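# Reading the structure
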Amino acid sequence: QQQVKQSPQSLIVQKGGISIINCAYENTAFDYFPWYQQFPGKGPALLIAIRPDVSEKKEGRFTISFNKSAKQFSLHIMDSQPGDSATYFCAASTGGNQFYFGTGTSLTVIP
Amino acid sequence: DTAVSQTPKYLVTQMGNDKSIKCEQNLGHDTMYWYKQDSKKFLKIMFSYNNKELIINETVPNRFSPKSPDKAHLNLHINSLELGDSAVYFCASRLGQGRNEQFFGPGTRLTVL
């Protein structure tokens, strides 16, 4: 059973546009929600993370929006650049030991 | 200054062989993990160690045996390799102590022929 559901599977955005990736979960015990960025041939790298006591976190062009009641969270990439083209994973964790990953979104930003 | 390193980066072997992948972190982290990423890029946790003690052991065939000789190292030994074991294996570490940020290694691409 997929603990974290991620959509869309792939996304194509024009340079300068906004990329939005969504994730949903069921387990209300999750208390940490990170997003990872993975380039081909590399390991996932932590991009930004949020805890359920805040509704939004922004770091540069990357923003997480968190809706606790809907059990959903999303990643927004503002002013998307070709260098942002990568696979993005959401994840959820309880206490930082067990991490459950979404199925990934392949983002392509076209010039 | 590599944070989490894995060796080898590529591993090509025949079915039935036994192989090992090594992982080292120089971050002083307490917790280390092994993940498997399949051909569809799905990431699934296999094992987690905290201060050399096994704390997570997902439903993984017992042909896979992790070993943590010390807090900075977590190795993965695989016996009797099967075609379905072909994947990219990632090691990761986390400080623990309330800090949840995970740092991943560069991965080991295992191909079983």
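Structure: above.
Residues numbered from 1 in each chain as written. Chains lettered and ligands numbered in written order. Predicted model: local features only at pLDDT ≥ 70, side-chain atom pairs only at ≥ 80, totals over all residues. Heavy atoms only, no water.

Moving on to the overall build of chain A. If you tally the helices and strands in chain A, you get zero helices and eleven strands. What you see for chain A is a C-alpha radius of gyration of 13 Å, in line with the 13 Å of a compact globule of 111 residues. Principal axes of the C-alpha set define a box for chain A whose edges measure 40 × 30 × 20 Å. In chain A, which comprises 111 residues, the proportion classed as buried is 45%. Sequence separation of at least 24 residues holds for 52% of the intrachain contacts in chain A that already meet a minimum separation of 6. Accessible surface for chain A amounts to roughly 5,200 Å². Of this, 50% is attributable to carbon and sulfur atoms. Taken as two groups, the 9 positive and 7 negative side-chain charges of chain A have centres that lie 3 Å from each other. (Helix = DSSP H or I, 4+ residues; strand = E, 2+ residues; numbered from the N terminus. Rg over C-alpha atoms; globule rule 2.2 N^0.38 Å. Buried < 20%, exposed > 50% of the residue type's maximum accessible area, 1.4 Å probe, protein only. Contact = heavy atoms within 4.5 Å. Areas by Shrake-Rupley, 256 points an atom, 1.4 Å probe, with all protein chains shown as cover. Lys, Arg positive; Asp, Glu negative; His and termini not counted. Charge placed at Lys NZ, Arg CZ, Asp CG, Glu CD.)

This part is about the sheet that holds strand β8 (residues 73–78) of chain B. Residue and element names in this part refer to chain B. As summarised here, the arrangement of the four strands in space is β1-β3-β8-β7, forming an open sheet in which the pairing is antiparallel. Both edges of this open sheet fall to β1 (4–7) and β7 (64–70), since each of them pairs with a single strand only. Sheet twist, expressed as the mean angle between neighbouring strand axes with direction ignored, is 20°. Two strands pair when backbone bridges link them, and strand β3 (residues 19–25) and β8 are joined in this way by four bridges, in the antiparallel orientation. Within the sheet, the bridge partner assigned to I21 lies in β8 and is L76. (Pairing = 2+ DSSP bridges. Axes fitted to C-alpha atoms, helices over the stretch in contact; angles between N-to-C directions.)

Bringing the interface of chain B and chain A into the picture now. Taken together, the contact between chain B and chain A spans 21 residues of the former and 20 residues of the latter. Together chain B and chain A conceal approximately 1,600 Å² of surface at their shared face, both sides included; 51% is due to carbon and sulfur atoms. Considering only the surface of chain B that becomes buried against chain A, F42, L43 and N100 of chain B emerge as the three largest contributors, covering 32% of it. Counting the contacts that link chain B with chain A gives five residue pairs in polar contact (both at pLDDT 80 or more). Taken together, the elements giving at least two residues each to the side of chain B that touches chain A come down to β4 (31–37), β5 (43–50), β6 (53–57), β9 (87–96) and β10 (99–104) of chain B. (Buried area = accessible area lost by both parts, 1.4 Å probe. Polar contact = N/O pair within 3.5 Å; in protein donor to acceptor, adjacent residues only side chain to side chain.)

Further remarks concern a nonpolar patch on the surface. Residues and elements named next belong to chain A. Taken together, the side chains of I18, I20 and M78 make up a nonpolar region of the molecular surface, amounting to roughly 230 Å² of accessible area. Take I18: it is sitting in the loop between β2 (10–14) and β3 (19–25). On the basis of relative accessibility, which here comes to 45%, the residue I18 falls in the partly exposed class. (Patch = residues over 30% accessible without salt bridge, like charges linked within 9 Å, V, L, I, M, F, W, Y side chains within 5 Å. Salt bridge = Lys/Arg side-chain N within 4 Å of Asp/Glu carboxyl O.)

Here we come to the sheet that holds strand β1 (residues 4–7) of chain A. Hydrogen bonds along the backbone pair up the strands of a sheet, which may run parallel or antiparallel. Residues and elements named next belong to chain A. Reading across from one edge, β1-β3-β8-β7-β6 is the order of the five strands in this open sheet, with antiparallel pairing throughout. Each edge of the open sheet is held by one strand with a lone partner, namely β1 and β6 (56–59). Direction aside, the axes of adjacent strands within the sheet are offset by 15° on average. Across six bridges, strand β7 (residues 62–67) lies against strand β8 (residues 72–77) in antiparallel orientation.

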